[in-house]
Amino acid sequence: MSLRIVVCVKYVPDATGDRHFAEDRTTDREAVDGLLSELDEYAVEQALQIKEANGGEAEITVLTMGGDDAKDALRKALSMGADKAVHVNDEALHGTDVLGTSLVLAKAVEHVGYDLVVCGMASTDGTMGVLPAILAERLGTPQVTLLSEVAVADGKVTGRRDGDAASEQLEASLPAVVSVTDQSGEARYPSFKGIMAAKKKPVEALELSDLGVDASAVGLEGSWTAVDGVTERPARTAGTIVKDEGEGGKQLAEYLAGQKFI
Amino acid sequence: MAEVLVLVDHVDGAVRKPTLELLTIARRIGEPVAVHLGAGADTAASTLGEYGATRVLAADAPEFGGYLVVPKVDALEQAVEAVGPVAVLVPSSAEGKEIAARLAVRLGSGLITDAVDLEAGDDGPVATQSAFAAAFTVKSRVTNGVPVITVKPNSAAPEAASAAGAVEPLEVSFGDAAKGTKVVSRTPRESTGRPELTEAAIVVSGGRGVNGAENFHVVESLADSLGAAVGASRAAVDAGWYPHTNQVGQTGKTVSPQLYIAAGISGAIQHRAGMQTSKTIVAINKDAEAPIFDLVDYGVVGDLFQVLPQLTEEVESRKG
Ligand SMILES: Cc1cc2nc3c(=O)[nH]c(=O)nc-3n(C[C@H](O)[C@H](O)[C@H](O)COP(=O)(O)OP(=O)(O)OC[C@H]3O[C@@H](n4cnc5c(N)ncnc54)[C@H](O)[C@@H]3O)c2cc1C
Ligand SMILES: Nc1ncnc2c1ncn2[C@@H]1O[C@H](COP(=O)(O)O)[C@@H](O)[C@H]1O
């Protein structure tokens, strides 16, 4: 039986760019170049490996919710080897919080049809790391999250979750939602062939009305949190820099003693 | 007085420090009521009471250890129903955030994660968060439902404030989803005897410049002389030189110690995300152009294999 895998990927502002907030205190997604969140590349990679381990008997759909530019994230995932893409794009989505995003993605995942949903561990802009758990809650499927190792066989997903206190071996029946960490294995680079093939792969565009989601449940208005203030952290004042001429360790000790650390 | 629920992070009743911070913060908003899930509530209760918990709602069941996340969501949801709190505070661990997130959906509540501070406000608690690798500070609040807020370690100094800490059993019934994800086996981490990375007053981290697992002892020796925790950059972790649990940065731990010492670390944005809010920052790097020097209070341009041992020796001799 062919496995239906949906990978949730986010288009995010480049972390090495000058990330900031727009006037309405939402993440400015216009002024800074974006890309497929690096942490979601790991999700695409694991989906591809699961498909390979399943003898190619799987169909991978990459799903994003985002503005026009977010199609770049889908293209990248398609060029890595995903089969098709779904892009939820609607004016009303500007400023949606994680609860709204999860509502939309849950509807979209159901629209596509799924046995397995694969997410990244966190988006590199919002860095909440909770969407996969919420998605599982909404879909009513097991959550098998923050895995550094994952495998799917015989209708079951298994994986290893490395926590602070312990490392856990987990198991759940499909359908399930998983998320994978950046310890799960380097993501592949798209090949030239992959990039060419991606151009011909289908991208389905959806609006909220296609998913039966009411606009009042999303966007800034529908958000259940409000940002009252945003301040830029003051730049750190320039420190003292010395060149080690043989006494660097001692000079540093002198400084630390002056600061009462030793 | 209004009550605030605090989910306790503990190991068999040994309460972890971030929970004491949460109890301290909760008192700014109302009376803290602790929720203790798993074994050891009676042991935990005296500590929880000492830090201001008026009541300790306790439940133990095999489901908490045997299945991932959901049983604890069920329990916390039922604690919310029983208490009717003005806010729910949860430690910002990976598990804590997932519990909080699912709870928020069930309660129809707004969710705030990774708060680094929390104050009472006219329209409910106001959280402070760091954004974009700590380049920004954001103030936010929940506008719908009972606020569910996860709070990072080191967000407040724990202050004792004696309260009853009376243990009350919490009746929990588990829903269909509770047994969805089975924990087949669990291997506890071995303790290194060093302070917890996220709780330490001083952190000494090594990066690619340490150049091998066999060299990490220069970082460890300095850390031990200072009573510090040891951190590592992702490059050092990916190379297999140091465990991932010690990684500092976006996909590792966020630390905010009094003193952070970076040795052989360039200072990439993802590393800065995890250490930028440290009070004092010191770096040792042989490249004078390394971006880490933009952050430092004191920097030494030099070879860490010269500088660190000399510093360690100096620290030891000053200790006398
Ligand atoms: C999505 C994502 C998440 C990431 N998350 C993290 C994270 O959580 N934490 C993290 O750290 N990184 C993270 N990274 C990686 C990050 O971008 C950098 O690659 C990484 O921090 C580099 O580690 P480094 O500074 O040790 O290595 P390098 O950048 O290679 O720097 C090594 C430094 O050591 C110096 N050096 C070499 N030899 C010596 C010597 N003998 N004495 C003194 N100095 C010496 C060099 O001059 C250089 O500056 C992430 C990246 C991505 C894309
Ligand atoms: N707008 C989005 N579109 C698609 N997937 C998303 C979106 N936002 C978050 N995700 C997925 O959820 C994961 C965790 O996101 P977060 O909880 O926002 O940190 C990401 O790694 C993605 O897999």
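What you see is a predicted model, and the numbers here were worked out from it, not measured in a lab.

## Describing the overall build of chain A
Across its full length, chain A carries eight helices and 13 strands. Overall size of chain A, expressed as C-alpha extent along the three principal axes, is 70 × 40 × 40 Å. Burial statistics for chain A: of 262 residues in total, 53% are counted as buried. Counting only contacts in chain A whose residues sit at least 6 apart along the sequence, the fraction spanning at least 24 positions is 70%. As presented, chain A carries roughly 11,800 Å² of accessible surface, and 48% of it is formed by carbon and sulfur atoms.

## Remarks on the sheet that holds strand 15 (residues 259-263) of chain B
An order of 13(A)-17(B)-16(B)-15(B)-13(B)-14(B) is seen for the six strands of this open sheet, with the pairing classed as parallel. What marks the edges here is a single partner per strand, and that holds for strand 13 (240-243) of chain A together with strand 14 (229-232) of chain B. Ignoring which end each strand starts from, the neighbouring axes of this sheet average 15 degrees apart. Where strand 13 (residues 202-206) of chain B and strand 14 of chain B come together, four bridges link them in parallel fashion. Looking at strand 14 of chain B, one finds that B:Ser205 is bridged to B:Gly231. On top of the sheet, helix 6 (residues 217-226) of chain B reaches strand 13, strand 14 and strand 15 of chain B; it is set at about 175 degrees to strand 13 of chain B, its chief contact. The strands touched by helix 9 (residues 304-319) of chain B are strand 15, strand 16 (280-285) and strand 17 (298-301) of chain B; relative to strand 16 of chain B, the strand with the most contacts, the crossing angle is about 130 degrees.

## A look at the nonpolar core
The biggest cluster of nonpolar side chains holds 101 residues, and the ones touching the most others in it are A:Ile5 and A:Val7. Not counting residues up to four positions away in its chain, the partners in contact with A:Val7 are A:Ala43, A:Val44, A:Ala47, A:Ile60, A:Thr61, A:Val62, A:Leu63 and A:Val118. A:Phe261, B:Leu226, B:Val230 and B:Val282 belong to the second-largest nonpolar core, a separate cluster that totals 34 residues.

## Some thoughts on the site of ligand 1
Residues in contact with ligand 1 amount to 27 residues; listed here are only the nearest, B:Arg208, B:Ser233, B:Ser266, B:Gln270 and B:Asn285. Residues close to ligand 1 are split across chains A and B. Between B:Ser233 and ligand 1, the recorded distance is 2.5 Å, taken from a side-chain N or O atom to an oxygen atom. Within the backbone of B:Arg234, a nitrogen or oxygen atom sits 2.9 Å from an oxygen atom of ligand 1. Its free accessible area being 990 Å², ligand 1 has 83% of it covered by the protein chains. At the level of elements, helix 1 (38-53) of chain A together with helix 7 (234-238), helix 8 (269-272) and helix 9 of chain B are the ones that each hand at least two residues to the shell around ligand 1. Each residue belonging to the shell around ligand 1 can be placed in one class, and the counts come to seven nonpolar, 14 polar and six charged.

## Points about the pattern of salt bridges
Under the criterion given, the structure shown has 37 salt bridges over all chains. Across the pair A:Arg188 and A:Glu45 runs a salt bridge, and its minimum N-O distance is 2.8 Å. Of the two residues, A:Arg188 is situated in the loop between strand 10 (176-180) and helix 5 (192-198) and A:Glu45 in helix 1; the sequence distance between them amounts to 143 residues. In this structure, B:Arg55 engages B:Glu168 in a salt bridge whose closest nitrogen and oxygen atoms are separated by 3.0 Å. Taken together, the positions of B:Arg55 in strand 5 (residues 55-59) and B:Glu168 in strand 11 (residues 166-169) put the pair 113 residues apart, joining distant regions of the chain. It is possible to trace a salt-bridge network through shared partners that takes in A:Glu137, B:Asp74, B:Glu77, B:Arg102 and B:Arg106.

## What about the interface of chain A and chain B?
Chain A puts 75 residues into the contact, and the matching count from chain B is 82 residues. Both sides together, the interface formed by chain A and chain B hides about 6,800 Å², and carbon and sulfur atoms give 56% of it. Taken as a group, A:Trp224, A:Arg233 and A:Arg236 account for 11% of the area that chain A buries against chain B, more than any other trio of residues on that side. Along the contact surface separating chain A from chain B lie ten salt bridges. For B:Glu98, the salt bridge goes to A:Arg161, with nearest N and O atoms at 3.0 Å. Joining chain A to chain B, the criterion identifies 43 residue pairs in polar contact (both at pLDDT 80 or more). No other element matches the ten residues that helix 8 (residues 248-258) of chain A contributes to the side of chain A that touches chain B. A breakdown of the residues in the side of chain A that touches chain B according to their chemical character gives 33 nonpolar, 22 polar and 20 charged. Pairing of strand 12 (residues 225-232) of chain A with strand 9 (residues 136-142) of chain B involves seven bridges; the strand directions are antiparallel.

## With respect to the pairing of strand 5 of chain B
Residues and elements named next belong to chain B. Of all five residues in strand 5, four are buried; the element is thus mostly enclosed. Bridge count for strand 4 (residues 31-37) against strand 5 is five bridges, and the pairing is parallel. Of the residues in strand 5, the one forming a bridge with Leu37 is Ala59. Crossover connection from strand 4 via helix 2 (residues 41-50) to parallel strand 5: handedness right-handed. Sheet topology places strand 5 next to strand 11; four bridges connect them, and they run parallel. Bridged to Val56 within strand 11 is Val167.

## Topic: the site of ligand 2
Residue and element names in this part refer to chain A. Lining the immediate environment of ligand 2, one finds 18 residues, of which Cys8, Asp40, Ser123, Gly129 and Leu131 sit closest. For ligand 2, an oxygen atom lies 2.7 Å from a polar atom in the backbone of Gly129. One of the backbone N or O atoms of Leu131 is found 2.9 Å from an oxygen atom in ligand 2. For ligand 2, whose free accessible area comes to 480 Å², the fraction covered by protein is 97%. Secondary-structure elements contributing two or more residues to the shell around ligand 2 are strand 4 (58-65), helix 3 (98-112), strand 6 (116-120) and helix 4 (131-139). The leading source of residues in the shell around ligand 2 is strand 4, at three residues. Taken together, the residues that form the shell around ligand 2 break down as eleven nonpolar, five polar and two charged.

## Thoughts on the packing of helix 4 of chain A against helix 5 (residues 94-107) of chain B
Viewed as axis vectors pointing N to C, helix 4 of chain A and helix 5 of chain B meet at an angle of 40 degrees, and their least axial separation amounts to 8 Å. Between helix 4 of chain A and helix 5 of chain B, the angle is such that the two are oblique. With respect to the hand of their crossing, helix 4 of chain A and helix 5 of chain B are arranged in right-handed fashion. Listed contacts from helix 5 of chain B to A:Ala133, A:Ile134, A:Ala136, A:Glu137 and A:Arg138 of helix 4 of chain A are B:Glu98, B:Ala101, B:Arg102, B:Val105 and B:Arg106.

## A few points about helix 1 of chain A
Residues and elements named next belong to chain A. For helix 1, which comprises 16 residues, the first-to-last C-alpha distance of 23 Å matches the rise-based estimate of 22 Å (1.5 Å per residue) to within 8%. For helix 1, the buried fraction is high: twelve of the 16 residues fall into the buried class. Within helix 1, burial applies to Leu39, Asp40, Glu41, Tyr42, Ala43, Val44, Glu45, Gln46, Ala47, Leu48, Ile50 and Lys51. After helix 1 finishes, the residue Gly55 shows a positive phi value of roughly 65 degrees.

Rules used in this analysis
- Residues numbered from 1 in each chain as written.
- Chains lettered and ligands numbered in written order.
- Predicted model: local features only at pLDDT ≥ 70, side-chain atom pairs only at ≥ 80, totals over all residues.
- Heavy atoms only, no water.
- Helix = DSSP H or I, 4+ residues; strand = E, 2+ residues; numbered from the N terminus.
- Buried < 20%, exposed > 50% of the residue type's maximum accessible area, 1.4 Å probe, protein only.
- Contact = heavy atoms within 4.5 Å.
- Areas by Shrake-Rupley, 256 points an atom, 1.4 Å probe, with all protein chains shown as cover.
- Pairing = 2+ DSSP bridges.
- Axes fitted to C-alpha atoms, helices over the stretch in contact; angles between N-to-C directions.
- Core = buried A, V, L, I, M, F, W, Y, C linked by side-chain atoms within 4.5 Å.
- Near = heavy atom within 4 Å.
- Polar contact = N/O pair within 3.5 Å; in protein donor to acceptor, adjacent residues only side chain to side chain.
- Nonpolar A, V, L, I, M, F, W, Y, C, P; charged D, E, K, R; others polar.
- Salt bridge = Lys/Arg side-chain N within 4 Å of Asp/Glu carboxyl O.
- Buried area = accessible area lost by both parts, 1.4 Å probe.
- Right-handed = clockwise from strand over helix to strand, strands pointing away.
- Parallel < 35°, antiparallel > 145°, perpendicular 65-115°, else oblique.
- Left-handed = near helix turned anticlockwise from the far one by under 90°.
- Expected span 1.5 Å × (residues − 1).

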